[in-house]
Amino acid sequence: MAMVSTRKVQLFVLAYLASALSSAVCVSEAGSHLVVIPQSPVLQIGTNFTATCVIINTTEATADDLYWSFPQTVIPSNQYTKINESALSVTIPVNNEESEWLYCHCKKKSHYVFVNQGKFVHGIHLSKTYPPEKPKNLTCIAIQEKNYISKNFMCSWDPAEHNAKKMPTLYTLHVEVIHNNQAYNVSTEENSATVTMESFPFHMDLEIWVVAHNKLGTVESEHLKKEANWFAKTNPPSDVKVFSEETFPMSFLITWKEPIPKQMIALKYQIRYCPNGSHSWFGVPIVDFAKGTQSFRLQNLQPYTVYTTQVRCKHSKKGYGYWSNWSANVTKKTAEYRPTSKPDLWSIITEGEHSNERQVKFICKNPVLSNGRITSFKIQIQTQKENMMNRNMSWESIPVNESEADNFPNQKFTLLKQITLLDNISARVHVTAINSVGESPQASLGIPEEALDLNPMEGLKVHPQGDHFLLKWNPPNNTAVTQYVVEWVSANNTDWQRENKNTQQTTIKGNIRKYICYNISVYPIYSGWTGKPARVEAYLVQKAPLVGPSVRLNGKPGRNEAELVWNEIPQPDQQGFITNYTVFYSSGTELSMLSITVPGNVTSYMLTSLSANTKYEAWIRAYTIGGSTDGISHTFSTLKYAPGEIEMVVVGVSIGFLFVVLLSMLLCIYKKDMIKKNFWPWIPNPRKSTIGNWSPDYPLKPETPKENCLSGISVLDVDISDGKSLSEEDKASLALKKDKYLSEEHSSGIGGSSCMSSPRQSVSDSDEGADIADTTASTVQYSSVVASNGYKGQTPSAQPQQLIFSRSESTQPLLDCEENPDLLVQEGSRASQPFSRLPCVTHTAWNKDSASFSEVETQEVLLPQDSCPSGEDNEQKTLTDGQALSSYMPQLGGYRPQ
């Protein structure tokens, strides 16, 4: 019931307001039938807003015909409230800062409404903002200018959490001097403001507050009441000076001047200092200062060290004023003092020239607390043998060349001495550092024998971590470790650091560069004696090599293969660990390019299955985990023939030829009789023959031989040396020789036939003396047939001529041509005709058994067929020694002189 009553009251009030404003709206809005109340409201963001639409001066519409909308959307009807028949309200949330229009419309119910649409719509503009917030954290300050505090009084407060941009809040700063009732104010839309006073009111109380105002209301901050000096900030102390005293090498004396007179503001001071280049400041407690002091002595400083010092001040009362800015830097070095820490002694051990010795370099860093410039080192080296013989070894002074240190700023150590140490000898070194004031404590280092095992390090692992290396290791199984030395070596730098005996993990504190290979070692130290280290190579960051490997051929290429070799990339150019190489080679086309990948520790590769007589290009690509780089290519050509191939062919042919020759020689040996018979026949030796008897009667004048006997005689000269036909020159001289031989009186031959045989050349030819030695190769005469009156210088008789045969009697076998009379006469004879066999006169033959000549009644000679008869008398007769004697073949040529 209570809620219903409240609703009725609300509707009544709205109806009353609508009716009350109806007349005024009608006057001002003449011609319009709709009016929205309130007009142009300012809305608070985050609340709900209710507007009412009233119908006036018409009965064409009622509240049921009204509806509300924004420019783009229609407001749902569940947000409407009908007040009466002529009034309709709407309630909307205000949830953003953007201003917008709200419209009341009438539905097009009648013709009048349709025609007068402009009279049945009305809208209001909604402005949105936040109510003013109470200013908080009000602070004010007055800064010193020259010798006094400025009259400009600056105040600030926290900005409002919510502040609409289109309807900002206006702030007014009020400053009032309580003792003389001077008031100052200034307005701004920002969260700070400055009030300018006539002068700064020293030692007077001030009241300060801020008022915030906008269309939704006004709000005021808390009032701040403080003495004016409470807000003052002076300048820093002036003329700050630092003094170093040789008698106090670990202290400074600092002096300064106050920035403002004490009568205006009493001040207190604060000092801070740090080693030059460091950003870690050390402050002096305020309680150590006396009020009004203008000097202070800093103590417990490091000798021979540059320090930077600053001073500032503020109001001496607690809580009053602000600290001034720090004064300008003042830099000063403390006085020199003797070194108070040991030099950092270390050694570099390498292999010696001989297998049983070591090269040891002793290097040293300056003491951490050098307290001055180190001018020299004193060193004493005791080997095992020397220590036993003489315990009072002398010290050697090693001067420090300052110019060398300037020329090699990366070299952080001094090379003290280099010695050669045998593997079975240990040594111990003692070093002190000296400056202009005194000498440092003594540092010692022991080098054990090579064979002495001092529990080496194990399990060293290195991990890149940002700009440093993180090292982890396992301690040796020995509790005698007193400390560890971490050493890192690059191409141009060596450095080390020492770690506590309980350390198992550390970070290298040196300047580690990218793309550089570091050889990191961790040495255990046993009471000054160095143990065996654990070593690892590492890169902080890797990338592609600077250069690629340069490839070349190992020797000469073959027919189908070639060996490629390349050198490792220099360590500074690798910029990472070489993981593998890829060998590329091509004969000139993209399709012919091939590649082979080999491990990073391989520097050669044999290319096989290459084409003969082909030009190839090869190059190597080197890979790291950071990238790859190609090397310079190399061009080569394969051979047309493989090495030794031609030699093998020649040797094969030669071996084959030798085999044929050897086979021929064996065949010759095996068939020597047949070969001798065919190529070197046994030629009769005329010296073993005798001359037969001549016919006693020869006419003085030669007669022309009868046609029936001599016309068909042919003289053949058989050359057994080659068996070839006579040349043309031999043909020309044949006739002359024939005449000569037919007329020669001392020719020898074989008789025994009524017809003549063809003459042969005698081996006893006096005209051709050089042919005597060539008995088996020259033309040999076997027989001759002459007429009784046919010799030169004789006159033939008119009587019928008697044919006389003269024959060389020999027991030697005949030639094949003589044993085969049916062969044709060789080309080149003057008259070549077939011959027939006829019985001839007695033949004298040598008897081997009786070593005497005997006559054989049966013998035959060859006559031309047309002049010599044939018959049974032509049969061959057997010789007394059982051998058959055959007639001679016609011979080419005539007889030579006997």
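Being a predicted model, the structure only gives us computed values, none of them experimental.

A. The arrangement of the overall build of the protein in detail. Broken down by element type, the protein carries ten helices and 55 strands. Within the span of the protein, comprising 898 residues, buried residues form 42% of the whole. Long-range contacts, defined as pairs at least 24 residues apart, comprise 68% of the intrachain contacts of the protein with a sequence gap of at least 6. Summed over all atoms, the accessible surface of the protein reaches about 49900 Å², with 52% contributed by carbon and sulfur.

B. View of a nonpolar patch on the surface. There is a patch of nonpolar side chains on the surface, built from Phe-657, Leu-658, Val-661 and Met-665 and spanning about 410 Å² of accessible area. Of the residues examined, Phe-657 reaches a relative accessible area of 56% and is grouped as exposed.

C. Expanded view of the sheet that holds strand β25 (residues 330-333). Taken together, four strands build an open sheet; the order of strands is β22-β21-β24-β25 and the sheet is antiparallel. Looking along the sheet, the strands with just one partner apiece sit at the ends: β22 (282-283) and β25. Pairing analysis gives four bridges linking strand β24 (residues 306-315) to β25, with the strands arranged antiparallel. In the strand pairing of β25, Val-306 is matched with Lys-333.

D. Fine view of the sheet that holds strand β8 (residues 121-129). On the basis of which strands lie adjacent, the open sheet formed by four strands has the order β2-β8-β7-β4 and mixed pairing. Looking at strand neighbours, the two that pair on one side only are β2 (42-44) and β4 (66-69), the edges of this open sheet. Each strand of the sheet is rotated relative to its neighbour by a mean of 30 degrees, with strand direction disregarded. By the bridge criterion, four bridges tie β4 to strand β7 (residues 100-106) in an arrangement that is antiparallel. Following the sheet pairing, Ser-69 is matched in β7 by Tyr-103.

E. Inspection of the pattern of salt bridges at higher detail. Within the structure shown, the criterion is met by 13 salt bridges. For Glu-222, the salt bridge identified is with Lys-134, shortest N-O distance 2.7 Å. With Glu-222 in the loop between β16 (217-220) and β17 (224-227) and Lys-134 in the loop between β8 and β9 (139-145), this residue pair connects regions lying 88 residues apart in the sequence. You can call Glu-222 exposed: its relative accessible area is 55%.

F. Representation of the pairing of β8. Within β8, seven of the nine residues are buried, leaving the element largely enclosed by the surrounding structure. In this sheet, β8 lies alongside β2 in parallel orientation, the contact comprising three bridges. Looking across to β8, one finds that Leu-43 is bridged to Lys-128. One ladder, built from six bridges, connects β7 with β8; its direction is antiparallel. Looking across to β8, one finds that Tyr-103 is bridged to Gly-123.

G. Region of interest: the packing of aromatic side chains. Counted by the stated rule, this structure contains 19 aromatic pairs. For the pair Tyr-539 and Phe-577, a centre-to-centre distance of 4.8 Å together with 90 degrees between the ring planes defines the contact as edge-to-face. With Tyr-539 in strand β40 (residues 534-539) and Phe-577 in the loop between α5 (571-574) and β43 (580-586), this pair connects stretches of sequence that are 38 residues apart. With a relative accessible area of 5%, Tyr-539 lands in the buried category. Centroid distance Phe-584 to Trp-619: 5.6 Å. Interplanar angle 10 degrees. Geometry classified as stacked.

H. Fine view of the state of the cysteines. According to the stated counting rule, one finds two disulfides in the structure shown. Put simply, Cys-53 and Cys-104 are joined by a disulfide, and their sulfur atoms are 2.0 Å apart. Disulfide Cys-53-Cys-104: the torsion about the S-S bond is -85 degrees, which places it as left-handed. Placement of the pair is Cys-53 in strand β3 (residues 48-55) and Cys-104 in strand β7, with a sequence separation of 51 residues.

I. Main features of the side chain of Ser-490. Of note, Ser-490 is situated in the loop between β35 (483-489) and β36 (494-500). For Ser-490, the contacting residues outside a window of four places in its chain are Ile-516, Cys-517 and Tyr-518.

Parameters and conventions
Residues numbered from 1 in each chain as written. Predicted model: local features only at pLDDT ≥ 70, side-chain atom pairs only at ≥ 80, totals over all residues. Heavy atoms only, no water. Helix = DSSP H or I, 4+ residues; strand = E, 2+ residues; numbered from the N terminus. Buried < 20%, exposed > 50% of the residue type's maximum accessible area, 1.4 Å probe, protein only. Contact = heavy atoms within 4.5 Å. Areas by Shrake-Rupley, 256 points an atom, 1.4 Å probe, with all protein chains shown as cover. Patch = residues over 30% accessible without salt bridge, like charges linked within 9 Å, V, L, I, M, F, W, Y side chains within 5 Å. Salt bridge = Lys/Arg side-chain N within 4 Å of Asp/Glu carboxyl O. Pairing = 2+ DSSP bridges. Axes fitted to C-alpha atoms, helices over the stretch in contact; angles between N-to-C directions. Phe/Tyr/Trp six-rings, centres within 6.5 Å; stacked < 30°, edge-to-face > 60°. Disulfide = S-S within 2.5 Å.

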